[in-house]
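Listed here are the chains, written in short residue letters.
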Amino acid sequence: MTTGRIVVGTAFTVVFAFLLPFINSDTGSSSKSTSSSESSSEWSVGSPSSPTASSSSSSVSEAERELLRAEAQAVCDLYNELKPEFWNDPCEEYTEEPPCNETEFSGLRCFDGHITYISLAHYASKQGTIPQTIGNFSKLGTLDLSRNGIVGAIPETVSQLLELRTLHLWNNSLTGEIPCLRNLTSLLIMTLDSNLLTGTLPTWIAELPNIFHIRVDRNHLSGTVPILPISLQILSMADNNFTGTLDVFLNLSLTYLNLSGNQFSGSIPSSIFMMSNLQTLYLSRNAFTGSLPPELLSLNRLSSITLDENSLSGTLPNCSISTSLGSIQISSNQLSGHLPATLFATTVKKLLLQNNFITGTLPISAKQLKITVLDLSSNMISGTIPLAFWLSAPKLNSLNMSHNLLGGSIESYNSSIPDFDLSYNFLNGTLPLVLSEGKFSHCHLERNCFTCNGCVMCGCNNTRGPSDCPNRITSSSSSSSSSVTPHQSSVESTAGSSSASQSESNPVGGSSLSPTDSSSYYLVSVSSSTSLHCCATGLLFGLLICVLVNFKF
């Protein structure tokens, strides 16, 4: 018995010793949990939710919640006014904070819960107005509502967007005057072009310290130009009713200036060609007078200048041309004198001088030109077109020298200009064979004096016989007329008035032509559509023969 009790006692002791660590582990875990709970309870006393810290925190949170509610209301109003495509109605779901889900609300971006970016360009499906609550977006940096047909005025509340840097409202139907936005000291870009805005360009623009890009073209703005901010680099005011002179542009460092389609007058001031950074200049369709300043063509960074449809007079300046200048357009003015050779600079690719009173002959350049578009039409340029002219401009793809006093032959023509017009001149001789190669999209040689020796090319890519030549002037129809050669007619027209020499109804100067030898003179009318018709007819005829031959055999 005793031995049995000892064995049982020993076994019990061993089992208890084995289980004791596990019992202590569970007890310790329980005590740790209790301790942790007590510690957490003690920590929560000093938390923001405690009565001690809750007063200041709740006031900040309430102010923040008020801003978020205001932004949510502004998003709702924007939706109701414009109905942006791909948007769901945010008015019921988002009342406490604005939607920041770019997937459901394309064009909105947020930071820290606030909307910082709105771009709904061309998104509106409803022609509405800009809501007054637009000023609720206190953190907004970009607002783009362009190309939506928005009507009404620009709300004054836009001036509340103190962090706004970019404002795009162009291509809408906005009316009224430009509201006061002098508070937007962070504004960099403002585009209000292509609207129906009236009034003047406000004087507060000079108070915007950082703005560098302003576009107000294609509106109904009027008055003189106010003082502009010195930070400005890009200014477009085209197609309005602005008046006055350009003295206001003094001390500016613009890179782009577009004042076309206004009522500016006076001469082109020195303040314009003192802009050393100017790259693009548009002054067309105004009332500028005086001569063309040579300094304007010498600006180091100027790449394009457009002075069409003004009243500029005098001669073209014989000065060095800036190597950066690629486009010169001074058409429809009152310029006279000869064409200076320096104007055909090696960097100029586009030269438009049509509808002036330029005289003399074509200058010949010793260098190979990069010019691709040349229009000297409706002037009084005389002489011949020498072979050296074609050789110096291998990249020319558009040439218009119509309505001038050019004479001589173009048999030396060996180019392949796809678009050219030499009509209404006094060119004679036979047409070159290269005109039959079909490389021309538009070709006009009508109203000239080309000879016909058995055949004449009446189109740019087909050959016809004498019976097909249009407007033939025979000796029988002019037997009573005095014998006048094309060259003599050109001389007589040159001696007459400029209007008579360029008359479209009778460009030969009123003299009827009669043959001076066995050759006949023709007024050649050239049309690529005639050539296409002939080609189409030939193809159909060939197909018909093939069908008949195959049917026979």
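For the structure, check the block above.
Residues numbered from 1 in each chain as written. Predicted model: local features only at pLDDT ≥ 70, side-chain atom pairs only at ≥ 80, totals over all residues. Heavy atoms only, no water.

Enquirer: Give a description of the overall build of the protein chain that names residues and reports values.
Expert: Summing up its helical and strand segments, the protein chain has 6 helices and 30 strands in all. Within the protein chain, the fraction of its 553 residues that count as buried is 44%. Partitioning the intrachain contacts of the protein chain with sequence separation of at least 6 by distance along the chain shows that 41% fall at a separation of at least 24. When the accessible surface of the protein chain is split by element, carbon and sulfur atoms take 54% of a total near 27000 Å². (Helix = DSSP H or I, 4+ residues; strand = E, 2+ residues; numbered from the N terminus. Buried < 20%, exposed > 50% of the residue type's maximum accessible area, 1.4 Å probe, protein only. Contact = heavy atoms within 4.5 Å. Areas by Shrake-Rupley, 256 points an atom, 1.4 Å probe, with all protein chains shown as cover.)

Enquirer: Requested: an account of the state of the cysteines, with residues and values cited.
Expert: Inspection of every chain in the model, using the stated rule, returns 2 disulfides. In this model Cys-76 forms its disulfide with Cys-91; the gap between the sulfur atoms is 2.0 Å. Judged by the torsion about the S-S bond (100°), the Cys-76/Cys-91 disulfide is right-handed. In this pair, Cys-76 is assigned in helix α2 (residues 54-82) and Cys-91 in the loop between α2 and β1 (108-111), connecting sequence segments 15 residues apart. The buried category is assigned to Cys-76, whose relative accessible area is 10%. (Disulfide = S-S within 2.5 Å.)

Enquirer: Quick one: what's the story with the packing of aromatic side chains, residue by residue and with numbers?
Expert: Tallied over the full model, the rule gives 5 aromatic pairs. Feature note: the residues Trp-87, Tyr-94 and Phe-105 constitute an aromatic cluster, connected by ring pairs. In this arrangement the basic side chain of Arg-109 is found over the ring face of Tyr-117, its NZ or CZ atom lying 4.1 Å from the centre. (Phe/Tyr/Trp six-rings, centres within 6.5 Å; stacked < 30°, edge-to-face > 60°. Lys NZ or Arg CZ within 6 Å of the ring centre and 35° of its normal.)

Enquirer: So what's going on with the sheet that holds strand β15 (residues 287-288)? Residues and values would help.
Expert: Note: strands within a sheet are paired through backbone hydrogen bonds, in either parallel or antiparallel orientation. Strand order in the open sheet made by the 4 strands is β9-β11-β13-β15, with parallel pairing throughout. What marks the edges here is a single partner per strand, and that holds for β9 (222-223) and β15. Two elements, strand β13 (residues 263-266) and β15, share 2 bridges in a ladder whose sense is parallel. Opposite Gly-266, over in β15, you have Phe-288 as the bridge partner. (Pairing = 2+ DSSP bridges.)

Enquirer: Mind laying out the pairing of strand β11 (residues 241-244), listing which residues take part and the relevant values?
Expert: Put simply, side chains in a regular strand alternate between the two faces of the sheet. The pairing of β9 with β11 spans 2 bridges and is classified as parallel. Following the sheet pairing, Ser-222 is matched in β11 by Asn-241. Relative to β13, β11 runs parallel, the two sharing 2 bridges. Within β13, the residue paired with Thr-243 across the bridge is Gln-263.

Enquirer: Talk me through the environment of Glu-309; I want residue IDs and the actual numbers.
Expert: Along the chain, the position of Glu-309 falls in the loop between β16 (304-306) and β17 (313-315). Sequence separation between Glu-309 and Asn-333 is 24 residues, and the spatial gap between their C-alpha atoms is 5.7 Å. In this structure, Glu-309 is in contact with Arg-285, Asn-286, Ser-331, Ser-332 and Asn-333, ignoring residues within four places of it in sequence.

Enquirer: Provide a residue-level description of the pattern of salt bridges, including the pertinent values.
Expert: Under the definition given, this model contains 11 salt bridges. We note a salt bridge from Glu-163 to Lys-139, for which the minimum N-O separation is 4.0 Å. With a gap of 24 residues between them, Glu-163 in the loop between β4 (151-153) and β5 (166-168) and Lys-139 in the loop between β2 (114-119) and β3 (142-144) connect regions that are remote in the sequence. Classification of Lys-139 by relative accessible area gives partly exposed; the value is 35%. For Arg-285, the salt bridge identified is with Asp-239, shortest N-O distance 2.8 Å. A residue pair is termed long-range when its members are at least 10 positions apart, and Arg-285 in the loop between β14 (280-282) and β15 and Asp-239 in the loop between β10 (234-236) and β11 qualify at 46 residues. (Salt bridge = Lys/Arg side-chain N within 4 Å of Asp/Glu carboxyl O.)

Enquirer: Lay out the side chain of Thr-280 in plain terms, naming residues and giving numbers.
Expert: Along the chain, the position of Thr-280 falls in strand β14. A residue is classified by how much of its surface remains accessible, and Thr-280, at 14% relative accessible area, is buried. Excluding residues within four positions of it along the chain, Thr-280 makes contact with Thr-255, Tyr-256, Leu-257, Leu-302, Ser-303 and Ser-304.

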